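What follows is the residue order along each chain.
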Number of protein chains: 2
Amino acid sequence: MTERPKIRVLLIDNHPLVLDGLKAVLETFDHIEVAGTAGLAQTGLEIGRQVLPQVVLMDINMPKLSGIDAIELFRNELPQARVVMLSMHDSREYISSSVMHGAAGYILKDVSTDEIVSAIETVAGGGTYFSSGVFDALMGERAEEGSDPLTPREHDILGLIVAGRSNKEIAETLGITSATTETHRKNLKKKLGIATTAGLIRYALDQGIVSKAG
Amino acid sequence: MTERPKIRVLLIDNHPLVLDGLKAVLETFDHIEVAGTAGLAQTGLEIGRQVLPQVVLMDINMPKLSGIDAIELFRNELPQARVVMLSMHDSREYISSSVMHGAAGYILKDVSTDEIVSAIETVAGGGTYFSSGVFDALMGERAEEGSDPLTPREHDILGLIVAGRSNKEIAETLGITSATTETHRKNLKKKLGIATTAGLIRYALDQGIVSKAG
DNA sequence: CGGGGCCTACCCAGAAGTGGGTAGACGCGA
DNA sequence: TCGCGTCTACCCACTTCTGGGTAGGCCCCG
(Lines give C-alpha, C1' and ligand atoms only; values in the text may rest on other atoms or scores of the structure.)
Protein backbone atom coordinates (compact mmCIF):
# COMPACT_ATOMS: atom_id res chain seq x y z
CA MET A 1 0.00 0.00 0.00
CA THR A 2 2.95 2.32 -0.31
CA GLU A 3 2.92 3.03 -4.03
CA ARG A 4 -0.34 4.91 -4.11
CA PRO A 5 -0.12 8.67 -4.39
CA LYS A 6 -0.68 10.32 -1.04
CA ILE A 7 -4.11 11.56 -0.13
CA ARG A 8 -3.89 15.17 0.96
CA VAL A 9 -6.01 15.71 4.04
CA LEU A 10 -6.93 18.92 5.81
CA LEU A 11 -7.96 18.61 9.45
CA ILE A 12 -10.23 21.15 11.12
CA ASP A 13 -11.17 20.86 14.76
CA ASN A 14 -11.26 23.39 17.52
CA HIS A 15 -9.92 20.93 20.05
CA PRO A 16 -6.13 20.97 19.73
CA LEU A 17 -6.00 17.59 21.36
CA VAL A 18 -8.16 15.98 18.71
CA LEU A 19 -6.32 17.86 16.01
CA ASP A 20 -2.88 16.76 17.11
CA GLY A 21 -3.98 13.25 17.88
CA LEU A 22 -5.58 12.81 14.50
CA LYS A 23 -2.60 14.26 12.75
CA ALA A 24 -0.17 11.99 14.58
CA VAL A 25 -2.24 8.93 13.86
CA LEU A 26 -2.90 9.70 10.22
CA GLU A 27 0.75 10.41 9.54
CA THR A 28 1.61 6.85 10.46
CA PHE A 29 -0.08 5.87 7.21
CA ASP A 30 2.13 6.19 4.19
CA HIS A 31 -0.62 7.00 1.77
CA ILE A 32 -2.07 9.84 3.80
CA GLU A 33 -0.57 13.28 4.05
CA VAL A 34 -1.87 15.79 6.54
CA ALA A 35 -1.58 18.84 4.34
CA GLY A 36 -2.72 21.23 7.01
CA THR A 37 -4.62 21.70 10.25
CA ALA A 38 -6.87 24.45 11.53
CA GLY A 39 -8.82 25.22 14.66
CA LEU A 40 -11.53 27.22 12.94
CA ALA A 41 -13.53 26.74 9.77
CA GLN A 42 -12.40 30.11 8.43
CA THR A 43 -8.76 29.33 9.02
CA GLY A 44 -9.36 25.96 7.45
CA LEU A 45 -10.70 27.63 4.32
CA GLU A 46 -7.64 29.84 4.01
CA ILE A 47 -5.26 26.97 4.47
CA GLY A 48 -7.33 24.88 2.12
CA ARG A 49 -6.86 27.43 -0.66
CA GLN A 50 -3.12 27.00 -0.29
CA VAL A 51 -2.78 23.27 0.20
CA LEU A 52 -5.68 22.11 -1.97
CA PRO A 53 -6.64 19.01 0.00
CA GLN A 54 -8.54 16.10 -1.48
CA VAL A 55 -10.28 15.43 1.78
CA VAL A 56 -11.36 17.81 4.51
CA LEU A 57 -11.99 16.20 7.87
CA MET A 58 -13.98 18.73 9.84
CA ASP A 59 -15.53 18.86 13.28
CA ILE A 60 -19.19 19.68 13.23
CA ASN A 61 -19.20 21.89 16.32
CA MET A 62 -16.87 24.80 16.11
CA PRO A 63 -16.69 28.36 17.34
CA LYS A 64 -17.71 31.23 15.06
CA LEU A 65 -18.67 29.16 12.04
CA SER A 66 -20.22 25.74 12.43
CA GLY A 67 -18.93 22.81 10.44
CA ILE A 68 -22.31 22.43 8.80
CA ASP A 69 -22.29 25.97 7.48
CA ALA A 70 -18.70 25.57 6.41
CA ILE A 71 -19.46 22.61 4.15
CA GLU A 72 -20.95 24.80 1.45
CA LEU A 73 -18.11 27.27 1.63
CA PHE A 74 -15.67 24.47 1.01
CA ARG A 75 -17.73 23.12 -1.85
CA ASN A 76 -17.78 26.55 -3.44
CA GLU A 77 -14.18 27.47 -2.92
CA LEU A 78 -12.53 24.07 -3.08
CA PRO A 79 -14.80 22.02 -5.32
CA GLN A 80 -12.23 19.26 -5.70
CA ALA A 81 -12.16 18.69 -1.95
CA ARG A 82 -14.57 16.28 -0.36
CA VAL A 83 -15.78 17.04 3.11
CA VAL A 84 -16.16 14.47 5.87
CA MET A 85 -17.83 15.56 9.07
CA LEU A 86 -16.54 14.46 12.41
CA SER A 87 -19.08 14.52 15.18
CA MET A 88 -19.69 13.44 18.71
CA HIS A 89 -23.40 13.23 18.03
CA ASP A 90 -25.42 10.70 16.11
CA SER A 91 -28.39 13.01 16.02
CA ARG A 92 -30.36 12.60 12.85
CA GLU A 93 -30.63 16.35 12.61
CA TYR A 94 -26.90 16.86 12.42
CA ILE A 95 -26.47 13.99 10.04
CA SER A 96 -29.13 14.96 7.59
CA SER A 97 -28.09 18.59 7.75
CA SER A 98 -24.58 17.53 6.86
CA VAL A 99 -25.75 15.43 3.97
CA MET A 100 -28.05 18.17 2.71
CA HIS A 101 -25.20 20.64 2.74
CA GLY A 102 -23.03 18.33 0.72
CA ALA A 103 -20.87 16.34 3.08
CA ALA A 104 -19.34 13.24 1.53
CA GLY A 105 -19.12 11.46 4.84
CA TYR A 106 -20.05 11.59 8.47
CA ILE A 107 -18.19 9.71 11.14
CA LEU A 108 -18.57 9.63 14.86
CA LYS A 109 -15.60 10.53 16.97
CA ASP A 110 -15.72 7.31 18.88
CA VAL A 111 -14.96 5.11 15.90
CA SER A 112 -11.62 3.41 15.40
CA THR A 113 -8.71 4.99 13.61
CA ASP A 114 -9.01 2.33 10.94
CA GLU A 115 -12.51 3.48 10.22
CA ILE A 116 -11.35 7.06 9.86
CA VAL A 117 -8.68 5.94 7.45
CA SER A 118 -11.24 3.92 5.52
CA ALA A 119 -13.44 6.97 5.36
CA ILE A 120 -10.61 9.09 3.99
CA GLU A 121 -9.76 6.48 1.36
CA THR A 122 -13.37 6.05 0.37
CA VAL A 123 -14.24 9.70 -0.09
CA ALA A 124 -10.89 10.42 -1.75
CA GLY A 125 -11.93 7.77 -4.26
CA GLY A 126 -15.15 9.60 -4.92
CA GLY A 127 -17.35 7.58 -2.58
CA THR A 128 -19.27 8.46 0.51
CA TYR A 129 -18.69 7.12 3.97
CA PHE A 130 -21.00 7.01 6.92
CA SER A 131 -20.24 5.17 10.10
CA SER A 132 -22.68 2.51 11.15
CA GLY A 133 -24.79 4.42 13.65
CA VAL A 134 -25.07 7.20 11.14
CA PHE A 135 -26.31 4.90 8.43
CA ASP A 136 -29.02 3.61 10.73
CA ALA A 137 -30.17 7.13 11.41
CA LEU A 138 -30.38 7.93 7.72
CA MET A 139 -32.21 4.72 6.91
CA GLY A 140 -34.66 5.41 9.67
CA GLU A 141 -35.35 8.79 8.21
CA ARG A 142 -35.95 7.50 4.73
CA ALA A 143 -38.32 4.87 6.01
CA GLU A 144 -40.40 7.50 7.71
CA GLU A 145 -40.15 10.46 5.44
CA GLY A 146 -43.32 11.99 4.15
CA SER A 147 -45.37 10.33 6.82
CA ASP A 148 -46.41 11.48 10.21
CA PRO A 149 -45.30 8.76 12.57
CA LEU A 150 -46.71 10.30 15.72
CA THR A 151 -49.50 8.91 17.80
CA PRO A 152 -52.42 11.19 18.71
CA ARG A 153 -51.14 11.53 22.22
CA GLU A 154 -47.72 12.46 20.96
CA HIS A 155 -49.36 15.17 18.89
CA ASP A 156 -50.96 16.55 22.01
CA ILE A 157 -47.65 16.56 23.79
CA LEU A 158 -45.79 18.09 20.89
CA GLY A 159 -48.32 20.83 20.52
CA LEU A 160 -47.97 21.78 24.14
CA ILE A 161 -44.20 21.63 23.96
CA VAL A 162 -44.33 24.09 21.08
CA ALA A 163 -46.62 26.24 23.18
CA GLY A 164 -43.82 26.42 25.69
CA ARG A 165 -45.50 24.47 28.43
CA SER A 166 -43.32 22.65 30.92
CA ASN A 167 -43.69 18.96 31.54
CA LYS A 168 -45.69 19.75 34.63
CA GLU A 169 -48.02 22.11 32.83
CA ILE A 170 -48.52 19.64 30.03
CA ALA A 171 -49.33 16.99 32.58
CA GLU A 172 -51.92 19.24 34.21
CA THR A 173 -53.45 20.15 30.90
CA LEU A 174 -53.82 16.56 29.77
CA GLY A 175 -54.71 15.16 33.15
CA ILE A 176 -51.68 12.86 33.36
CA THR A 177 -48.57 12.90 35.52
CA SER A 178 -45.43 14.69 34.56
CA ALA A 179 -43.65 11.34 34.51
CA THR A 180 -45.86 10.30 31.63
CA THR A 181 -45.25 13.58 29.89
CA GLU A 182 -41.55 12.93 30.16
CA THR A 183 -41.99 9.49 28.68
CA HIS A 184 -43.90 10.92 25.74
CA ARG A 185 -41.27 13.58 25.26
CA LYS A 186 -38.54 10.97 25.28
CA ASN A 187 -40.44 8.82 22.80
CA LEU A 188 -40.95 11.80 20.52
CA LYS A 189 -37.25 12.56 20.45
CA LYS A 190 -36.32 8.96 19.92
CA LYS A 191 -38.89 8.43 17.21
CA LEU A 192 -37.99 11.58 15.34
CA GLY A 193 -34.26 11.30 15.91
CA ILE A 194 -34.22 14.81 17.31
CA ALA A 195 -32.08 15.46 20.34
CA THR A 196 -33.32 18.82 21.49
CA THR A 197 -36.56 20.50 22.42
CA ALA A 198 -35.72 23.26 19.98
CA GLY A 199 -35.51 20.65 17.25
CA LEU A 200 -38.90 19.28 18.21
CA ILE A 201 -40.38 22.75 17.93
CA ARG A 202 -38.88 23.35 14.50
CA TYR A 203 -40.05 19.94 13.40
CA ALA A 204 -43.57 20.66 14.56
CA LEU A 205 -43.68 24.05 12.88
CA ASP A 206 -42.18 22.65 9.69
CA GLN A 207 -44.61 19.79 9.51
CA GLY A 208 -47.51 22.05 10.28
CA ILE A 209 -48.39 19.73 13.12
CA VAL A 210 -49.19 22.73 15.19
CA SER A 211 -50.09 26.25 14.26
CA LYS A 212 -47.85 29.14 15.14
CA ALA A 213 -50.70 30.85 16.95
CA GLY A 214 -50.26 30.84 20.68
CA MET B 1 -74.82 50.59 44.74
CA THR B 2 -77.66 48.22 45.47
CA GLU B 3 -80.20 49.34 42.89
CA ARG B 4 -78.23 48.33 39.84
CA PRO B 5 -79.35 45.18 38.06
CA LYS B 6 -77.12 42.30 38.97
CA ILE B 7 -74.25 41.40 36.73
CA ARG B 8 -74.41 37.71 35.87
CA VAL B 9 -70.96 36.19 36.10
CA LEU B 10 -69.78 32.75 35.10
CA LEU B 11 -66.60 31.51 36.78
CA ILE B 12 -64.36 28.94 35.14
CA ASP B 13 -61.25 27.65 36.86
CA ASN B 14 -59.90 24.17 37.29
CA HIS B 15 -58.77 24.89 40.82
CA PRO B 16 -61.77 24.31 43.08
CA LEU B 17 -60.15 26.47 45.70
CA VAL B 18 -59.95 29.48 43.44
CA LEU B 19 -63.43 28.80 42.14
CA ASP B 20 -65.04 28.61 45.55
CA GLY B 21 -63.02 31.49 46.91
CA LEU B 22 -63.95 33.74 44.03
CA LYS B 23 -67.56 32.75 44.25
CA ALA B 24 -67.74 33.44 47.98
CA VAL B 25 -66.06 36.80 47.60
CA LEU B 26 -68.09 37.95 44.62
CA GLU B 27 -71.36 37.01 46.26
CA THR B 28 -70.70 39.50 49.00
CA PHE B 29 -71.35 42.16 46.40
CA ASP B 30 -75.00 42.91 45.87
CA HIS B 31 -74.69 43.84 42.23
CA ILE B 32 -72.87 40.68 41.22
CA GLU B 33 -74.47 37.33 40.77
CA VAL B 34 -72.43 34.22 40.28
CA ALA B 35 -74.64 32.55 37.73
CA GLY B 36 -72.56 29.42 37.52
CA THR B 37 -69.19 27.85 38.01
CA ALA B 38 -67.22 25.28 36.07
CA GLY B 39 -63.92 23.49 36.31
CA LEU B 40 -63.41 23.06 32.59
CA ALA B 41 -63.89 25.31 29.60
CA GLN B 42 -66.26 22.80 27.97
CA THR B 43 -68.40 22.57 31.06
CA GLY B 44 -68.32 26.33 31.26
CA LEU B 45 -69.67 26.59 27.73
CA GLU B 46 -72.55 24.26 28.53
CA ILE B 47 -73.45 26.11 31.67
CA GLY B 48 -73.01 29.39 29.86
CA ARG B 49 -75.68 28.40 27.31
CA GLN B 50 -78.09 27.92 30.17
CA VAL B 51 -77.31 30.85 32.41
CA LEU B 52 -76.34 33.41 29.74
CA PRO B 53 -73.78 35.34 31.73
CA GLN B 54 -72.75 38.90 30.93
CA VAL B 55 -69.25 38.27 32.10
CA VAL B 56 -67.14 35.12 31.94
CA LEU B 57 -64.20 35.04 34.31
CA MET B 58 -61.96 32.30 33.03
CA ASP B 59 -58.64 30.85 34.05
CA ILE B 60 -56.12 30.83 31.25
CA ASN B 61 -54.54 27.48 32.10
CA MET B 62 -56.97 24.63 32.15
CA PRO B 63 -56.97 20.93 31.35
CA LYS B 64 -58.27 19.70 27.99
CA LEU B 65 -59.10 23.08 26.51
CA SER B 66 -57.05 26.15 27.32
CA GLY B 67 -58.72 29.37 28.30
CA ILE B 68 -57.21 31.08 25.28
CA ASP B 69 -58.77 28.62 22.87
CA ALA B 70 -62.03 28.84 24.74
CA ILE B 71 -62.34 32.59 24.24
CA GLU B 72 -63.41 32.21 20.63
CA LEU B 73 -65.88 29.49 21.45
CA PHE B 74 -67.54 31.76 23.95
CA ARG B 75 -67.59 34.62 21.53
CA ASN B 76 -69.24 32.41 18.94
CA GLU B 77 -71.75 30.73 21.17
CA LEU B 78 -72.39 33.45 23.69
CA PRO B 79 -71.78 36.69 21.83
CA GLN B 80 -73.37 38.77 24.54
CA ALA B 81 -70.90 37.50 27.11
CA ARG B 82 -67.62 39.30 27.61
CA VAL B 83 -64.64 37.22 28.57
CA VAL B 84 -62.09 38.23 31.17
CA MET B 85 -59.00 36.09 31.52
CA LEU B 86 -57.58 35.25 34.90
CA SER B 87 -53.93 34.36 34.88
CA MET B 88 -50.99 33.76 37.12
CA HIS B 89 -48.65 34.92 34.39
CA ASP B 90 -47.92 38.37 33.08
CA SER B 91 -46.22 36.96 30.02
CA ARG B 92 -46.73 39.16 27.02
CA GLU B 93 -47.43 36.07 24.98
CA TYR B 94 -50.41 35.05 27.06
CA ILE B 95 -51.70 38.57 27.21
CA SER B 96 -51.50 39.35 23.54
CA SER B 97 -52.89 35.93 22.66
CA SER B 98 -55.85 36.63 24.89
CA VAL B 99 -56.45 40.01 23.35
CA MET B 100 -56.08 38.64 19.83
CA HIS B 101 -58.64 35.98 20.56
CA GLY B 102 -61.09 38.53 21.80
CA ALA B 103 -60.78 38.77 25.55
CA ALA B 104 -62.29 41.89 27.04
CA GLY B 105 -59.97 41.85 30.00
CA TYR B 106 -56.97 40.21 31.54
CA ILE B 107 -56.26 40.26 35.23
CA LEU B 108 -53.57 38.67 37.27
CA LYS B 109 -54.56 36.37 40.06
CA ASP B 110 -52.59 38.30 42.60
CA VAL B 111 -54.66 41.45 42.31
CA SER B 112 -57.11 42.54 44.97
CA THR B 113 -60.73 41.50 45.05
CA ASP B 114 -61.69 45.09 44.45
CA GLU B 115 -59.81 45.06 41.22
CA ILE B 116 -61.59 41.92 40.11
CA VAL B 117 -64.90 43.54 40.90
CA SER B 118 -63.86 46.64 39.00
CA ALA B 119 -62.93 44.48 36.07
CA ILE B 120 -66.31 42.78 36.12
CA GLU B 121 -68.13 46.10 36.28
CA THR B 122 -66.05 47.60 33.53
CA VAL B 123 -66.42 44.82 31.02
CA ALA B 124 -70.11 44.38 31.84
CA GLY B 125 -70.44 48.02 30.86
CA GLY B 126 -68.82 47.31 27.53
CA GLY B 127 -65.30 48.39 28.45
CA THR B 128 -62.08 46.50 28.67
CA TYR B 129 -60.01 45.94 31.76
CA PHE B 130 -56.38 45.06 32.10
CA SER B 131 -54.54 45.04 35.36
CA SER B 132 -51.55 47.28 35.65
CA GLY B 133 -48.74 44.84 34.89
CA VAL B 134 -50.72 43.66 31.92
CA PHE B 135 -51.13 47.14 30.57
CA ASP B 136 -47.41 47.70 30.77
CA ALA B 137 -46.79 44.54 28.80
CA LEU B 138 -49.19 45.61 26.06
CA MET B 139 -47.76 49.11 25.88
CA GLY B 140 -44.30 47.67 25.65
CA GLU B 141 -45.38 45.55 22.77
CA ARG B 142 -46.94 48.41 20.88
CA ALA B 143 -43.89 50.55 21.36
CA GLU B 144 -41.70 47.89 19.89
CA GLU B 145 -43.87 46.34 17.26
CA GLY B 146 -42.52 46.28 13.77
CA SER B 147 -39.02 46.87 14.99
CA ASP B 148 -36.32 44.47 15.92
CA PRO B 149 -35.19 45.43 19.38
CA LEU B 150 -32.41 42.92 19.68
CA THR B 151 -28.74 43.67 19.83
CA PRO B 152 -26.40 41.89 17.40
CA ARG B 153 -25.15 39.66 20.15
CA GLU B 154 -28.67 38.77 21.14
CA HIS B 155 -29.29 37.77 17.54
CA ASP B 156 -26.33 35.42 17.72
CA ILE B 157 -27.65 33.90 20.90
CA LEU B 158 -31.19 33.60 19.62
CA GLY B 159 -30.05 31.92 16.46
CA LEU B 160 -28.15 29.32 18.38
CA ILE B 161 -31.03 28.78 20.76
CA VAL B 162 -33.26 28.05 17.80
CA ALA B 163 -30.61 25.65 16.54
CA GLY B 164 -31.09 23.75 19.75
CA ARG B 165 -27.72 24.47 21.24
CA SER B 166 -27.38 24.41 25.01
CA ASN B 167 -26.02 27.37 26.91
CA LYS B 168 -22.71 25.61 27.12
CA GLU B 169 -22.55 24.92 23.40
CA ILE B 170 -23.55 28.47 22.59
CA ALA B 171 -20.81 29.70 24.88
CA GLU B 172 -18.25 27.53 23.11
CA THR B 173 -19.42 28.64 19.70
CA LEU B 174 -19.21 32.32 20.54
CA GLY B 175 -16.13 32.11 22.68
CA ILE B 176 -17.82 33.34 25.84
CA THR B 177 -18.76 31.67 29.11
CA SER B 178 -22.05 29.93 29.67
CA ALA B 179 -22.78 32.44 32.39
CA THR B 180 -22.80 35.16 29.80
CA THR B 181 -24.98 33.07 27.55
CA GLU B 182 -27.44 32.74 30.38
CA THR B 183 -27.43 36.48 30.88
CA HIS B 184 -28.16 37.05 27.20
CA ARG B 185 -30.91 34.47 27.33
CA LYS B 186 -32.45 36.18 30.34
CA ASN B 187 -32.23 39.56 28.66
CA LEU B 188 -33.86 38.18 25.53
CA LYS B 189 -36.79 36.84 27.48
CA LYS B 190 -37.18 40.00 29.48
CA LYS B 191 -36.90 42.26 26.47
CA LEU B 192 -39.34 40.26 24.40
CA GLY B 193 -41.70 39.50 27.26
CA ILE B 194 -41.47 35.83 26.46
CA ALA B 195 -41.20 33.42 29.32
CA THR B 196 -40.15 30.23 27.63
CA THR B 197 -37.48 28.98 25.31
CA ALA B 198 -40.20 27.62 23.07
CA GLY B 199 -41.62 31.10 22.81
CA LEU B 200 -38.24 32.48 21.84
CA ILE B 201 -37.97 29.93 19.08
CA ARG B 202 -41.38 30.74 17.70
CA TYR B 203 -40.60 34.43 17.90
CA ALA B 204 -37.38 33.95 16.00
CA LEU B 205 -39.02 31.86 13.30
CA ASP B 206 -41.93 34.28 13.04
CA GLN B 207 -39.71 37.29 12.72
CA GLY B 208 -37.49 35.54 10.24
CA ILE B 209 -34.56 36.36 12.48
CA VAL B 210 -33.22 32.94 11.79
CA SER B 211 -33.83 30.53 8.98
CA LYS B 212 -35.46 27.21 9.57
CA ALA B 213 -32.54 25.39 8.04
CA GLY B 214 -30.51 23.57 10.62
C1' DC C 1 -55.03 -16.04 22.27
C1' DG C 2 -50.75 -14.10 21.34
C1' DG C 3 -48.10 -10.00 19.93
C1' DG C 4 -47.52 -5.34 19.34
C1' DG C 5 -48.53 -0.63 19.74
C1' DC C 6 -50.15 2.81 22.86
C1' DC C 7 -50.75 5.17 27.11
C1' DT C 8 -49.73 5.34 31.47
C1' DA C 9 -46.30 5.63 35.55
C1' DC C 10 -42.23 5.26 38.08
C1' DC C 11 -36.92 4.77 39.18
C1' DC C 12 -32.44 7.15 39.22
C1' DA C 13 -28.53 10.41 38.87
C1' DG C 14 -26.65 13.94 36.60
C1' DA C 15 -26.98 17.90 33.63
C1' DA C 16 -29.17 22.05 32.36
C1' DG C 17 -32.06 25.94 32.76
C1' DT C 18 -34.44 29.61 35.68
C1' DG C 19 -34.78 33.93 37.86
C1' DG C 20 -33.39 36.91 41.05
C1' DG C 21 -29.28 39.68 41.81
C1' DT C 22 -24.53 42.53 41.08
C1' DA C 23 -20.77 44.43 38.52
C1' DG C 24 -16.75 45.76 35.54
C1' DA C 25 -15.20 47.31 30.88
C1' DC C 26 -16.02 49.61 26.74
C1' DG C 27 -17.76 52.91 23.49
C1' DC C 28 -20.91 56.19 21.77
C1' DG C 29 -23.19 60.40 21.96
C1' DA C 30 -25.13 64.37 24.47
C1' DT D 1 -17.33 64.13 31.18
C1' DC D 2 -21.37 61.76 32.40
C1' DG D 3 -24.88 58.63 31.24
C1' DC D 4 -26.56 54.80 28.76
C1' DG D 5 -26.48 50.69 26.30
C1' DT D 6 -23.89 46.63 25.43
C1' DC D 7 -21.23 42.72 26.43
C1' DT D 8 -19.16 40.31 29.61
C1' DA D 9 -19.11 37.45 34.11
C1' DC D 10 -20.40 35.65 38.42
C1' DC D 11 -23.51 34.62 42.72
C1' DC D 12 -27.23 31.78 44.63
C1' DA D 13 -31.08 28.51 45.23
C1' DC D 14 -34.29 26.25 42.94
C1' DT D 15 -36.71 23.81 39.36
C1' DT D 16 -36.69 21.32 35.29
C1' DC D 17 -35.00 18.41 31.87
C1' DT D 18 -32.34 14.42 30.31
C1' DG D 19 -31.62 9.77 29.19
C1' DG D 20 -31.14 5.44 30.65
C1' DG D 21 -34.29 1.88 32.48
C1' DT D 22 -38.87 -1.09 33.78
C1' DA D 23 -43.67 -2.20 33.73
C1' DG D 24 -48.82 -2.75 33.86
C1' DG D 25 -53.22 -2.21 31.52
C1' DC D 26 -55.71 -1.71 27.30
C1' DC D 27 -57.09 -2.61 22.68
C1' DC D 28 -56.68 -4.15 18.09
C1' DC D 29 -55.17 -7.33 14.63
C1' DG D 30 -53.94 -11.67 12.98
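Residues numbered from 1 in each chain as written. Chains lettered and ligands numbered in written order. Predicted model: local features only at pLDDT ≥ 70, side-chain atom pairs only at ≥ 80, totals over all residues.

Caption draft 1: Expanded view of the protein's contact with DNA strand C. Residues in close proximity to DNA strand C total 20 residues, the closest being Thr 151, Arg 153 and Ile 176 of chain A together with Ser 166 and Asn 167 of chain B. Contributions of two or more residues to the surface near DNA strand C are made by helix H7 (152-162) and helix H9 (178-192) of chain A together with helix H8 (167-174) and helix H9 (178-192) of chain B. Split by residue class, the surface near DNA strand C holds four nonpolar, nine polar and seven charged. (Near = placed C-beta within 6 Å. Helix = DSSP H or I, 4+ residues; strand = E, 2+ residues; numbered from the N terminus. Nonpolar A, V, L, I, M, F, W, Y, C, P; charged D, E, K, R; others polar.)

Caption draft 2: Main features of unusual backbone geometry. Positive phi outside glycine occurs at Leu 52 of chain A, with the angle close to 45 degrees. Turning to its location among the elements, Leu 52 of chain A is positioned in the loop between helix H2 (41-51) and strand S3 (55-59).

Caption draft 3: Structural view of the interface of chain B and chain A. Each side of the interface is counted separately: chain B has 24 residues, and chain A has 23 residues. Listing elements by their share of the side of chain B that touches chain A, those giving two or more residues are helix H4 (92-101), helix H7 (152-162), H8 and helix H10 (197-207) of chain B. In terms of residue count, H10 of chain B provides more of the side of chain B that touches chain A than any other element does, seven residues in total. Split by residue class, the side of chain B that touches chain A holds nine nonpolar, nine polar and six charged. (Contact = placed C-beta atoms within 7 Å.)

Caption draft 4: Here's a closer look at the sheet that holds strand S2 (residues 32-38) of chain A. All names here are of chain A. Spatially, S2-S1-S3-S4-S5-S6 is the arrangement adopted by the six strands of the open sheet, whose pairing is parallel. Both edges of this open sheet fall to S2 and strand S6 (129-130), since each of them pairs with a single strand only. Sheet topology places strand S4 (residues 82-87) next to strand S5 (residues 105-108); four bridges connect them, and they run parallel. Bridged to Met 85 within S5 is Tyr 106. Strand contacts of H2: strand S1 (7-12), S2 and S3, with the helix running at about 160 degrees to S1, the strand carrying the most contacts. (Pairing = 2+ DSSP bridges. Axes fitted to C-alpha atoms, helices over the stretch in contact; angles between N-to-C directions.)

Caption draft 5: Seen up close, the confidence of the model for chain A. Taken over all residues, the pLDDT of chain A has a mean of 79, while the share at 70 or more is 81%. Looking across chain A, the model is least confident in helix H6 (residues 132-144) of chain A, with a mean pLDDT of 52, and most confident in S1 of chain A, with 93. (pLDDT = per-residue confidence, 0-100.)

Caption draft 6: Inspection of helix H3 (residues 67-77) of chain B at higher detail. Residue and element names in this part refer to chain B. Inspection of H3 places Gly 67, Ile 68, Ala 70, Ile 71 and Phe 74 among the buried residues, and these make up the whole buried set. Summarising the axial view, the buried residues of H3 lie within an arc of 150 degrees, below the 170-degree limit, and thus occupy one face. Exposed positions of H3 whose direction lies more than 90 degrees from the buried face are Asn 76 and Glu 77. (Buried ≥ 20, exposed ≤ 12 C-beta atoms within 10 Å, placed from the backbone. Arc of directions from axis to C-beta.)

Caption draft 7: View of the protein's contact with DNA strand D. Not every one of the 20 residues close to DNA strand D is listed here, only the nearest: Ser 166 and Asn 167 of chain A together with Thr 151, Arg 153 and Ile 176 of chain B. Secondary-structure elements contributing two or more residues to the surface near DNA strand D are helix H8 (167-174) and H9 of chain A together with H7 and H9 of chain B. If you tally residues by element for the surface near DNA strand D, the top one is H9 of chain A, at five residues. Counted by class, the surface near DNA strand D contains four nonpolar, nine polar and seven charged residues.

Caption draft 8: View of the relation of the copies chain B and chain A. Expressed as a screw operation, the relation of chain B to chain A combines 0.1 Å of axial shift with a rotation of 180 degrees, fitting to an RMSD of 0.1 Å. Taken together, the rotation and translation describe the operation of a two-fold axis. Every residue of chain B has its C-alpha some distance from the rotation axis, and the shortest such distance is that of Ala 198 of chain B, at 3.5 Å. The overlap is high: 96% of the interface residues of chain B also sit at the interface in chain A, so the same surface is used on both sides. (Least-squares fit on C-alpha atoms with pLDDT ≥ 70 in both.)

Caption draft 9: Layout of the environment of Glu 46 of chain A. Mapping Glu 46 of chain A onto the fold places it in helix H2. Taking the C-alpha atoms as reference, Glu 46 of chain A lies 9.8 Å from Glu 77 of chain A; in sequence the two are 31 residues apart.

Caption draft 10: Spotlight on the packing of H2 of chain A against helix H3 (residues 67-77) of chain A. All names here are of chain A. Running from N to C, H2 and H3 point in directions that differ by 20 degrees, and their axes come no closer than 10 Å. With respect to H3, the axis of H2 lies roughly parallel. Pair H2 / H3 crosses with right-handed handedness. Contacts between H2 and H3 involve Ala 41, Leu 45, Gly 48 and Arg 49 on the former and, on the latter, Gly 67, Ala 70, Leu 73, Phe 74 and Glu 77. (Parallel < 35°, antiparallel > 145°, perpendicular 65-115°, else oblique. Left-handed = near helix turned anticlockwise from the far one by under 90°.)

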